[in-house]
Amino acid sequence: MDKGVLYIVAMPIGNRADITDRAKEVLAAVDCIAVEDTRHSRPLLKSLGITTPLMAVHEHNETKLVARLIERLQAGESLALISDAGTPLISDPGFPLVRACQQAGVRVSPVPGPSAAICALSAAGLPTDRFLFEGFPARTSSARCEQFDRLKSEAMTLIFYESSHRIAESLADMAKVFGGDRHAVIARELTKLHETILSQPLDQLCQVLAEDSNQRRGEFVVLIAGAVRDSDAIDPETQRILEILLEEMPTKKAAAIASKITGIKKNRLYPFALTLKVE
Ligand code: SAM
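Note that the coordinates shown come from a computational prediction; the quantities given were computed from them, not determined experimentally.

What to know about the site of the ligand
Okay, so step 1: Around the ligand, a shell composed of 19 residues is seen, among which Asp 92, Ser 115, Ala 116, Tyr 161 and Phe 220 lie nearest.
Okay, so step 2: Within the backbone of Ile 90, an N or O atom sits 2.8 Å from a nitrogen atom of the ligand.
Okay, so step 3: For the ligand, a nitrogen atom lies 3.5 Å from a polar atom in the backbone of Glu 189.
Okay, so step 4: When the ligand sits alone it has 570 Å² of accessible area, and the protein chains cover 91% of it.
Okay, so step 5: Put simply, the parts of the chain that give the shell around the ligand at least two residues each are strand E7 (157–162) and strand E10 (220–224).
Okay, so step 6: Summarising the domain contributions, the shell around the ligand has at least three residues from each of domain 1 (5–114) and domain 2 (117–224).

A short note on the sheet that holds strand E6 (residues 131–135)
Okay, so step 1: The 5 strands lie next to each other as E6-E7-E10-E8-E9, forming an open sheet whose pairing is mixed. Either end of the sheet is taken by a strand with one partner, and the two such strands are E6 and strand E9 (196–201). Each neighbouring strand pair of the sheet contributes to a mean axis angle of 20°, computed without reference to strand direction.
Okay, so step 2: Helix H5 (residues 116–124) rests against E6, E7, strand E8 (183–188), E9 and E10 of the sheet, and its axis sits at about 50° to E10.

A few points about the pairing of strand E1 (residues 5–9)
Okay, so step 1: Across the 5 residues that make up E1, a large majority, 5, are buried.
Okay, so step 2: Where E1 lies against strand E5 (residues 107–111), 5 bridges are found, and the strand directions are parallel. Looking at the pairing, Val 9 lines up with Val 111 of E5.
Okay, so step 3: Pairing of E1 with strand E4 (residues 79–81) involves 3 bridges; the strand directions are parallel. Across the sheet, Ile 8 pairs through a bridge with Leu 81, a residue of E4.

As for unusual backbone geometry
The bulk of non-glycine residues show a negative phi, and the bulk of peptide bonds are trans.
Okay, so step 1: Of note, the phi angle at Ser 91 is positive, near 55°, even though the residue is not glycine.
Okay, so step 2: Of note, Ser 91 is situated in the loop between E4 and helix H4 (95–104).
Okay, so step 3: Of the residues examined, Ser 91 reaches a relative accessible area of 31% and is grouped as partly exposed.
Okay, so step 4: The residue Glu 189 is not glycine, and still its phi comes out positive at about 50°.
Okay, so step 5: Assignment of secondary structure puts Glu 189 in the loop between E8 and E9.
Okay, so step 6: According to the relative accessible area criterion, Glu 189 is buried, its value standing at 15%.

Some words on the pattern of salt bridges
Okay, so step 1: Going through the model one piece at a time under the given rule, you end up with 11 salt bridges.
Okay, so step 2: Lys 152 serves as the salt-bridge partner of Asp 149, at 3.3 Å between the closest nitrogen and oxygen.
Okay, so step 3: Taking relative accessible area as the criterion, Asp 149 reaches 43% and is therefore assigned partly exposed.
Okay, so step 4: The shortest N-O distance in the salt bridge between Lys 192 and Glu 189 comes to 3.2 Å.

Some words on the sheet that holds E4
Backbone hydrogen bonds hold the strands of a sheet together, and the pairing may be parallel or antiparallel.
Okay, so step 1: In spatial order, the strands read E3-E2-E4-E1-E5; together these 5 strands make up an open sheet with parallel pairing. Of all strands in the sheet, those bounded by a partner on one side alone are strand E3 (54–56) and E5. The average undirected angle you get between the axes of adjacent strands in this sheet is 25°.
Okay, so step 2: Relative to the sheet, H4 contacts E1 and E5, its axis offset from that of E1 by approximately 150°.

The rules behind these values
Residues numbered from 1 in each chain as written. Predicted model: local features only at pLDDT ≥ 70, side-chain atom pairs only at ≥ 80, totals over all residues. Heavy atoms only, no water. Near = heavy atom within 4 Å. Polar contact = N/O pair within 3.5 Å; in protein donor to acceptor, adjacent residues only side chain to side chain. Areas by Shrake-Rupley, 256 points an atom, 1.4 Å probe, with all protein chains shown as cover. Helix = DSSP H or I, 4+ residues; strand = E, 2+ residues; numbered from the N terminus. Domains from an automatic or database assignment. Pairing = 2+ DSSP bridges. Axes fitted to C-alpha atoms, helices over the stretch in contact; angles between N-to-C directions. Contact = heavy atoms within 4.5 Å. Buried < 20%, exposed > 50% of the residue type's maximum accessible area, 1.4 Å probe, protein only. Salt bridge = Lys/Arg side-chain N within 4 Å of Asp/Glu carboxyl O.

Here's what the structure looks like:
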């Protein structure tokens, strides 16, 4: 293990088997692991046979602890930073520490692994070539609606995190601002027992959540299909071709064949085909 290095180590987002061999090696070898919550991380690390000392570094004390951690790194210790789940710094603490390390010339090395946003995107069936990660939407409805309004015309796939407390309200605001017919995906409890991926227009997703309280439980990633700009609008003939193909084959294949026929890029036809399929 290199000395004087801060390792940014990704942890599982549900399924404990998703921890990587390298993550385990690094966590066992460093002098100290900075964790968000020792009560959460200690049992997991113990179950992996990792007995490295822990230090709690969370959003409330991070700025205060940065100087001390940099001193330890400069004295030659190696440290790892982990979050309760997923990749540190992604809607989680760590940014002030990593920035301070960069400024102090301390090496920062990532040990990659799961992150809920990328995990959800990989399975959502929405375009992945360009996406915008927005983290958690604002907490109040008025701030949320303003935030969504700024993103309404964005053509990239939008990715949000949301908690069970606010999922229904957030989705309702999304439907109000983006429009109930905008296609979206809710990726819930990824890698866990009750993993569910729902892909429907926003107003239908709101309905599913209203009718089934189980669908409001757990952890959520919400993905919104990017806006179709007027200049990008699919012409009626292409729509007709897609509709015929969709009767005979899966959406992905229909979009690929329609793309060959019309010359329009597959990643533009695919989200449009998803909306036709739902209709
Ligand atoms: N750093 C983490 C990462 O890399 O994904 C995210 C931490 S953030 C505080 C926690 C949020 O991530 C949850 O509220 C939820 O929106 C999302 N999340 C985490 N695990 C998830 C899972 N298994 N399924 C769906 N969403 C999840």
